[in-house]
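Residue-level structure breakdown
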There are 2 protein chains.
Amino acid sequence: MPLVVIGGVAAGLSAASRARRLDPQLEITVLEKGPVISYGACGLPYFVEGRIRKPEQLIVYTPEYFRKQRQIDVRTNSRVVGISHPRREVQLESGERVPYERLVIATGARCDTSGIAGAQLPHVFTLQTPDDATRLRGFIEQKHPRRAVVIGGGYIGLEVADALRRQALRVTVLQASQHLLQRDEEHWNTLARRQLERHGVELRCGVEAKSIAADSVGDFPADVVVIAAGFKPNVALAAEAGVETGRTGAIRTDDHMETSLRGVFAAGDCAEVNHLVTGRAAWIPLGTTANKTGRVAGANAAGGRERFAGIVGTSIVSVFGMAFASTGISATEARAAGLSPVSARIEALSRPGYFQGARTTVELVADRATRRILGATVIGEQDAAGRIDVVATALQTRMRVDEFEQLDLAYAPPFATVWDPLLVAAQQLMKEL
Amino acid sequence: MPLVVIGGVAAGLSAASRARRLDPQLEITVLEKGPVISYGACGLPYFVEGRIRKPEQLIVYTPEYFRKQRQIDVRTNSRVVGISHPRREVQLESGERVPYERLVIATGARCDTSGIAGAQLPHVFTLQTPDDATRLRGFIEQKHPRRAVVIGGGYIGLEVADALRRQALRVTVLQASQHLLQRDEEHWNTLARRQLERHGVELRCGVEAKSIAADSVGDFPADVVVIAAGFKPNVALAAEAGVETGRTGAIRTDDHMETSLRGVFAAGDCAEVNHLVTGRAAWIPLGTTANKTGRVAGANAAGGRERFAGIVGTSIVSVFGMAFASTGISATEARAAGLSPVSARIEALSRPGYFQGARTTVELVADRATRRILGATVIGEQDAAGRIDVVATALQTRMRVDEFEQLDLAYAPPFATVWDPLLVAAQQLMKEL
């Protein structure tokens, strides 16, 4: 009863590994279209920066490891071009057909450059695979570009801007909307803009890059261009096979990560998941969710009955050493969802001054009617991950602000202040409610 | 309708400030036995270390600040020697009587040295007030002691050992029990012992110091001795007035921080609070809890109706740069409470190697029957506070391990690993359940 997994990165390999653990006898095949598997896509900007020195460091496991240690047949350079669910088989580019009993679709997402003329020019890059990163770094080392344009002001865009700036390039970031890092809060965008400018990055919001020339993007000179925009879930293969997609455009799944076709599961960046704050399907492609949904899809494809509760939309990014962390939804998103959001923002030291405490900005959003916390942002150079994780945990359990305000958080002078900035924000929010 | 608060440190001043905010007209008097108020007792070891340079830095607010900014009459050197609740008045050492309508008792805790002969010798110190810390630092600067004995292996004991060692003293820590830092887990104690030894601190467990001589404590030579053991709640005043104490020896309170006498509240280190994991009263004196219970006591003393839900027993301490963080209860404590604990311990990198990730040890304890998380320890040089706070938040909402395992925690390479050590521990624990 073979299990076939399409995709050999985070979600696909989590699924295959979990299936193996639950069923030692199961025949498992992983089909990966590219030459390598199991890479940390989130590390690619740090390879471009030079912090990660060798491309091999981006690879966690090899196909040999999976074959020998886990008895999973991982096949690279094996692009699936069709799924025939009535026949329970997938067709490879080579013409070969691979039968399955259960299927996990983990085809990921892509940076869709089709709307940008000139995207195929030799000085234009995306950053999705180790190959992409190696080509970009090779280009920088050999051609010594001086001026870079980064298209996209999301996580990858700003991480790449940071990486290029640290290599002394002049960097311009073009962002189509007015929002950076996928949050609409004004202070968030102000602080992100300020941090970029402080580190010499030119930022232009409201600029949609439609074409790239040999030495510029519109008015902006460019010896090298990185496209970090237009991310879309890879759903064509699934859709052609009759798998339903949801309102986000990604593959619709139930809480067992099963698609509209029985026995066909989806996980990772190609799939929708439940957003625990809004109660609606969301598409927020991240490595953490890919791994978790992969595990659940793999378990259920192997005959288990596991459930993926959902996400709360937590993310974090470092922009020149300052963390921009967020979870849940913004006040604007809450209003759009029919709620009555109230928010409070405070600035406080992350630790006492005599432990070099840095200023941290915390914004909390709650619903006026229920007092339930809806979201938060934490911005600062210290301890932002831990703090946003506390709010993420509170969101997962639908905690109210008055409960949150009394959280028994750890305190000693090297680590925090006696009133943690999270609790100060909660106290402020209680006054607004 | 005057409010009187006994005690001018964390709990007392939180109570007075909160009462003022709720009732701008209330007559509020704070009676502090010592010469200063509003000091950060948790900072005292860092003053001894020299990291905090001036004793004034330990003081947050002055009596003048409270008088002028908050219209609160704060009286220092005003020791209360009796409470007559039938007359609604307290008696000062000076003979003066101060009437009250509502009373908040925030008398704190003390280091009881009465069982140790020689505790009054001039080279013997405790570390409870800025005066204590100033005297100890003065002694070190003037007498240049070379050998120190610290009595007590709890938080303050090890913080003081760290502080003295950094001033190049030879340091021996004597601990009566086999447990350091108030946890009984074997690996916790092994790692704490190892960290002390690695930094040249001699540790002797199972040694009860009963007498101190001019140049030694038992077999251990000592030019200076710090007693950081025998902590007890200051309840004599309350008990004499008929306020009930609980099984922990501290003042019993309800969830409004009201004592057995109507109109008399207690907060901070002299009071018991509800432990949300065990459901029983607990006495865990910490600055964070003092501030929170002070706020609630003050609000209710001013006619409010606020509730303090309880604590989960979170704490953290730095021992030569390594954090020892814990929350909830240990497996041993869980068994004693009639539960069936299962625990799992993992070691993992806190962040990727290319971001100088340090090894971190996470132990999670859950109840086999309900899968509910009961407690955790996190030990490591990075990010321990944020991680223990996530577990503390989970404990507050009685989260199960299978829910915890799917927490949507923040990930980007500068901050964490894609499977956070907390989630790895939860996965391991799921296998054990």
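In short, a report on the structure. (Residues numbered from 1 in each chain as written. Chains lettered and ligands numbered in written order. Predicted model: local features only at pLDDT ≥ 70, side-chain atom pairs only at ≥ 80, totals over all residues. Heavy atoms only, no water.)

1. Topic: the relation of the copies chain A and chain B
Superposing chain A onto chain B takes a rotation of 180° combined with a translation of 0.0 Å along the rotation axis, leaving an RMSD of 0.0 Å. One copy is carried onto the other by what is essentially a two-fold rotation axis. Within chain A, Gly386(A) has its C-alpha nearest the rotation axis, a separation of 1.8 Å. When the interface residues of chain A are mapped onto chain B, 98% of them are again interface residues, pointing to one common binding face. (Least-squares fit on C-alpha atoms with pLDDT ≥ 70 in both. Contact = heavy atoms within 4.5 Å.)

2. Digging into helix α12 (residues 421-432) of chain B
Residue and element names in this part refer to chain B. With 12 residues, α12 ought to run about 16 Å at 1.5 Å a step, and its terminal C-alpha atoms sit 17 Å apart, in line with that. Looking only at α12, the buried set comprises Pro421, Leu422, Leu423, Ala425, Ala426, Gln427 and Leu429. By the N-cap criterion, in which a side-chain oxygen at the helix start approaches the backbone nitrogen of a residue two or three places on, α12 is capped by aspartate 420, the distance to leucine 422 being 2.9 Å. (Helix = DSSP H or I, 4+ residues; strand = E, 2+ residues; numbered from the N terminus. Expected span 1.5 Å × (residues − 1). Buried < 20%, exposed > 50% of the residue type's maximum accessible area, 1.4 Å probe, protein only. Polar contact = N/O pair within 3.5 Å; in protein donor to acceptor, adjacent residues only side chain to side chain.)

3. A word on the interface of chain A and chain B
Contact residues are listed per partner, giving 58 residues for chain A and 57 residues for chain B. At the boundary of chain A with chain B, total buried surface from both sides reaches about 4900 Å², with 63% on carbon and sulfur atoms. At the boundary of chain A with chain B, the tally comes to 2 salt bridges. Among the ionic pairs, Arg295(A) bridges to Glu405(B), the shortest N-O distance being 3.1 Å. Here chain A and chain B share 20 residue pairs in polar contact (both at pLDDT 80 or more) between them. For the side of chain A that touches chain B, the residue count by class is 30 nonpolar, 17 polar and 11 charged. (Buried area = accessible area lost by both parts, 1.4 Å probe. Salt bridge = Lys/Arg side-chain N within 4 Å of Asp/Glu carboxyl O. Nonpolar A, V, L, I, M, F, W, Y, C, P; charged D, E, K, R; others polar.)

4. Some thoughts on the sheet that holds strand β24 (residues 373-380) of chain B
Residue and element names in this part refer to chain B. An order of β20-β21-β24-β23-β22 is seen for the 5 strands of this open sheet, with the pairing classed as antiparallel. A strand with exactly one partner marks an edge of an open sheet, and here the two such strands are β20 (315-319) and β22 (341-349). Here the strands of the sheet are splayed against their neighbours by 10° on average, with no regard to which way each runs. With 9 bridges connecting them, β22 and strand β23 (residues 359-367) associate as antiparallel partners. Looking across to β23, one finds that proline 341 is bridged to aspartate 367. Relative to the sheet, helix α5 (residues 155-165) contacts β20 and β21 (322-328), its axis offset from that of β20 by approximately 20°. Its contacts with the sheet put helix α10 (residues 384-396) on β20, β21, β23 and β24, and the angle it makes with β24 is roughly 180°. (Pairing = 2+ DSSP bridges. Axes fitted to C-alpha atoms, helices over the stretch in contact; angles between N-to-C directions.)

5. Observations regarding the pattern of salt bridges
Residues and elements named next belong to chain B. Applying the stated criterion across every chain, the model contains 48 salt bridges over all chains. Taking the shortest distance from any N to any O, the salt bridge between glutamate 96 and arginine 75 comes out at 2.7 Å. In this pair, glutamate 96 is assigned in the loop between β5 (89-92) and β6 (97-99) and arginine 75 in strand β3 (residues 73-75), connecting sequence segments 21 residues apart. When its relative accessible area of 22% is taken as the criterion, arginine 75 is described as partly exposed.

6. As for unusual backbone geometry
Backbone geometry at Arg88(A) places phi at a positive 50°, although glycine is not the residue there. Note on placement: Arg88(A) falls in the loop between β4 (80-84) and β5 (89-92). Positioned with a positive phi, Met257(B) is a non-glycine residue whose angle comes to about 65°. Inspection of the secondary structure puts Met257(B) in the loop between α7 (236-240) and β17 (264-266).

7. A word on the sheet that holds strand β1 (residues 3-6) of chain B
Residues and elements named next belong to chain B. Strand order in the open sheet formed by 5 strands is β3-β2-β1-β7-β17, with parallel pairing between adjacent strands. Of all strands in the sheet, those bounded by a partner on one side alone are β3 and β17. The average undirected angle you get between the axes of adjacent strands in this sheet is 15°. For β1 and strand β2 (residues 28-31), the ladder comprises 4 bridges, and the chain directions are parallel. Each residue of the ladder has a partner; that of valine 5, found in β2, is valine 30. Along the sheet, helix α1 (residues 10-22) contacts β1, β2, β3 and β7 (102-105); its crossing angle with β2, the most-contacted strand, is approximately 175°.

8. Thoughts on the packing of helix α10 (residues 384-396) of chain A against α10(B)
Running from N to C, α10(A) and α10(B) point in directions that differ by 15°, and their axes come no closer than 8 Å. Classed by the angle they form, the pair α10(A) and α10(B) counts as roughly parallel. Regarding α10(A) and α10(B), the two cross each other, and that crossing is right-handed. The segment α10(A) lies against α10(B), with Gly386(A), Asp389(A), Val390(A), Thr393(A) and Ala394(A) engaging Gly386(B), Asp389(B), Val390(B), Thr393(B) and Ala394(B). Tallied by class, the residues present in the contact of α10(A) with α10(B) amount to 4 nonpolar, 4 polar and 2 charged. (Parallel < 35°, antiparallel > 145°, perpendicular 65-115°, else oblique. Left-handed = near helix turned anticlockwise from the far one by under 90°.)

9. Topic: the environment of Arg166(B)
Residues and elements named next belong to chain B. Position of arginine 166 relative to the elements: it lies in the loop between α5 and β11 (170-175). Residue classification places arginine 166 among the partly exposed positions, given a relative accessible area of 45%. Considering only alpha carbons, one finds arginine 166 and aspartate 254, 88 residues apart in sequence, at a separation of 43 Å. With residues near it in sequence (within four places) discarded, arginine 166 still touches Glu49, Phe320 and Gly321. A distance of 2.4 Å separates polar atoms of two side chains, one belonging to arginine 166 and the other to aspartate 162.

10. Focus on the environment of Asp269(A)
Residues and elements named next belong to chain A. By secondary structure assignment, the location of aspartate 269 is in the loop between β17 (264-266) and β18 (273-274). Separated by 37 residues in the primary sequence, aspartate 269 and glutamate 306 place their C-alpha atoms 19 Å from one another. When neighbours within four sequence positions are excluded, aspartate 269 is seen to be in contact with Gly108, Ala109, Pro233, Trp283, Pro285, Leu286 and Ala290. Within polar-contact distance, the side chain of aspartate 269 engages the backbone nitrogen of leucine 286 at 3.4 Å.

11. Points about the packing of aromatic side chains
In this structure the tally under the stated criterion is 16 aromatic pairs over all chains. Site record: aromatic cluster; members linked through ring pairs are Tyr46(A), Tyr354(B) and Phe355(B). Across the ring face of Phe47(A), the terminal group of Arg137(A) is positioned such that the distance to the ring centre comes to 3.9 Å. Here Arg70(B) stacks its cationic end above the ring of Tyr61(B), 5.2 Å away from the centre of that ring. (Phe/Tyr/Trp six-rings, centres within 6.5 Å; stacked < 30°, edge-to-face > 60°. Lys NZ or Arg CZ within 6 Å of the ring centre and 35° of its normal.)

12. Some words on the side chain of Thr253(A)
Residue and element names in this part refer to chain A. Its location among the elements puts threonine 253 in the loop between α7 (236-240) and β17. From its side chain, threonine 253 meets the backbone oxygen of glutamate 272 in a polar contact 3.0 Å long. In this structure, threonine 253 is in contact with Glu258, Ala266, Ala271 and Glu272, ignoring residues within four places of it in sequence.

13. Points about the packing of helix α1 (residues 10-22) of chain A against helix α8 (residues 287-301) of chain A
All names here are of chain A. Orientation of α1 relative to α8, taken along the N-to-C sense of each, is 40°, at an axis distance of 7 Å. Like other packed secondary-structure pairs, α1 and α8 cross with a definite hand, here right-handed. Only Ala290, Asn291, Gly294, Arg295, Gly298 and Ala299 of α8 make contact with α1, whose side of the interface consists of Ala10, Ala11, Ser14, Ala15, Arg18, Ala19 and Leu22. Among the residues forming the contact of α1 with α8, the class breakdown is 7 nonpolar, 4 polar and 2 charged.

14. A look at the environment of Pro130(A)
In this structure, Pro130(A) sits in helix α4 (residues 130-143). With 75 residues separating them in the primary sequence, Pro130(A) and Pro55(A) have C-alpha atoms 6.6 Å apart.

15. A look at the nonpolar core
Counting residues in hydrophobic clusters, the biggest one holds 86 residues, and the most contacted among them are Ile316(A), Leu364(A), Phe404(A), Ile316(B), Leu364(B) and Phe404(B). With residues near it in sequence (within four places) discarded, Phe404(B) still touches Leu364(B), Ile373(B), Val390(B), Val391(B), Ala394(B), Met399(B), Leu422(B), Leu423(B) and Ala426(B). (Core = buried A, V, L, I, M, F, W, Y, C linked by side-chain atoms within 4.5 Å.)

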